[in-house]
Each structure stands twice: as structure tokens, then as C-alpha cells.
Amino acid sequence: MNKRDIAAAVLLENILRSTYPSREPGAIQPLQWSILRFIARVPEEQRTANMISNYLGVTAAPLSRAIQTLVKRGYIVQKKNAKDARSFLLFLTDEAVEALKSDPLLRLAGSVSQLPEDQRDAFNKALEQIVKDMQ
């Protein structure tokens, strides 16, 4: 590993940090954004805390706190899972759907989309390889 590799890792960290500029108490936090995105993308039967936990690789305690915060703020509602009485299914409210229209990742995706196509393809392939290596 050389200095350029470490510099690239620091740049990635800075990109991720700057993606979520608002860290004040009332702002949607990065984990909460990830939860909202997950719920918006997956079929209804997969919208459980367990599925989210597995997908995001987070433990139950921080996930539960994040979900409860989103419930209290009116972004998601929980309904008993008819197929598994031990779990709840999570649903986005209209407020969450509206919030997702200004998802901070959209700004990042917009920056990626501005790259010339060959650079964008190389960037995407490199990220896919990094993710694979990190798992």
C-alpha cells in the first residue's frame, strides 16, 4: 500500500462525509436514509428490521433506535406482519416519500453522472471491485 492508495481512501471518506452535510439532531441521519431507501426499494414482505439489519450489516440496537426515531418523526409506520407475528413490516409515509426526493445520495449520483462515460464506467467497476474486496 502506498501514499496514493491511502490518499484515495481519505478522498472516499471525505466524499461520504460530505454527502450528508446536515448532522443536526432533527436531520435524517445516514443510517436513517439507508433504512428509508431500503424500504422504498424492496417488496413489502422484505420490509422487516431483520432484513434491513442483514442488508446494512448493522446490529439490532442501533437499527431499532433509528427505526423508532423514523416512526416518531412520521417517516415510517409499523404494521404487524401477518406471516410472522414476531415481526413488523415497515412502510414509508408520504413525508418519507417526499424526503427521498431530496436524498443526499442523489447529489452524489449526479456528480458521478457528470463524469465522461469511460471514466464513469471505470469508476463504477473500481467501486464494485472495492466492495467485493471489502466483503
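Rules of the game
- Residues numbered from 1 in each chain as written.
- Predicted model: local features only at pLDDT ≥ 70, side-chain atom pairs only at ≥ 80, totals over all residues.
- Heavy atoms only, no water.
- Helix = DSSP H or I, 4+ residues; strand = E, 2+ residues; numbered from the N terminus.
- Buried < 20%, exposed > 50% of the residue type's maximum accessible area, 1.4 Å probe, protein only.
- Contact = heavy atoms within 4.5 Å.
- 1 Å grid on protein atoms, 1.4 Å probe; cavity = no way out; pocket = protein on both sides within 12 Å on 5 of 7 lines; lining within 4 Å.
- Points joined across faces, edges and corners; volume = space filled by probe spheres on them.
- Nonpolar A, V, L, I, M, F, W, Y, C, P; charged D, E, K, R; others polar.
- Salt bridge = Lys/Arg side-chain N within 4 Å of Asp/Glu carboxyl O.
- Polar contact = N/O pair within 3.5 Å; in protein donor to acceptor, adjacent residues only side chain to side chain.

**Q** What exactly am I supposed to notice about the overall build of the protein chain here?
**A** A count of helices and strands for the protein chain gives 7 helices and 2 strands. Each helix (α) and strand (β) of the protein chain, taken in turn from the N terminus, gives the series α-α-α-α-β-β-α-α-α. In terms of overall dimensions, the protein chain has C-alpha extents of about 50 × 30 × 25 Å along its principal axes. When the 135 residues of the protein chain are sorted by exposure, 25% land in the buried category. Across the protein chain, the fraction of contacts at a sequence separation of at least 24, relative to all contacts at a separation of at least 6, is 50%.

**Q** What am I meant to see in the environment of K83 here?
**A** Topologically, K83 is positioned in the loop between β1 (76-80) and β2 (88-92). In this structure the C-alpha to C-alpha distance between K83 and E45, which are 38 residues apart in sequence, comes to 8.7 Å.

**Q** How should I be thinking about the layout of surface pockets in this particular structure?
**A** To find the voids left in a structure, one rolls a probe of water-molecule size over its atoms. Put simply, the largest pocket is a space of about 520 Å³. Looking at the largest pocket, the residues that line it are L12, I15, L16, L108, S111, V112, L115, F123, L127, E128, I130 and V131. Of all the secondary-structure elements, those providing two or more residues to the lining of the largest pocket are α1 (3-19), α6 (104-113) and α7 (117-134). The element best represented in the lining of the largest pocket is α7, accounting for 5 residues. Of the residues belonging to the lining of the largest pocket, the class tally is 10 nonpolar, 1 polar and 1 charged.

**Q** In this structure, what is going on with the pattern of salt bridges? I would like to understand it.
**A** In this structure the tally under the stated criterion is 4 salt bridges. Between D103 and R37 there is a salt bridge, with its nearest N and O atoms 2.6 Å apart. One end of the pair, D103, is in the loop between α5 (94-100) and α6; the other, R37, is in helix α2 (residues 30-41), and 66 residues separate them in sequence. For D84, the salt bridge is made with R86, and the minimal N-O distance between the two is 3.0 Å. We classify D84 as partly exposed; its relative accessible area is 23%.

**Q** Explain the environment of R73 to me, please; I cannot follow it from the model alone.
**A** Along the chain, the position of R73 falls in the loop between α4 (60-72) and β1. We classify R73 as partly exposed; its relative accessible area is 32%. Measuring from C-alpha to C-alpha, the distance between R73 and Q29 comes to 12 Å, with 44 residues separating the pair along the chain. The contact partners of R73, leaving out residues within four places of it in the chain, are P25, G26, A27, I28 and Q32. A distance of 3.1 Å separates the side chain of R73 from the backbone oxygen of A27, its partner in a polar contact.

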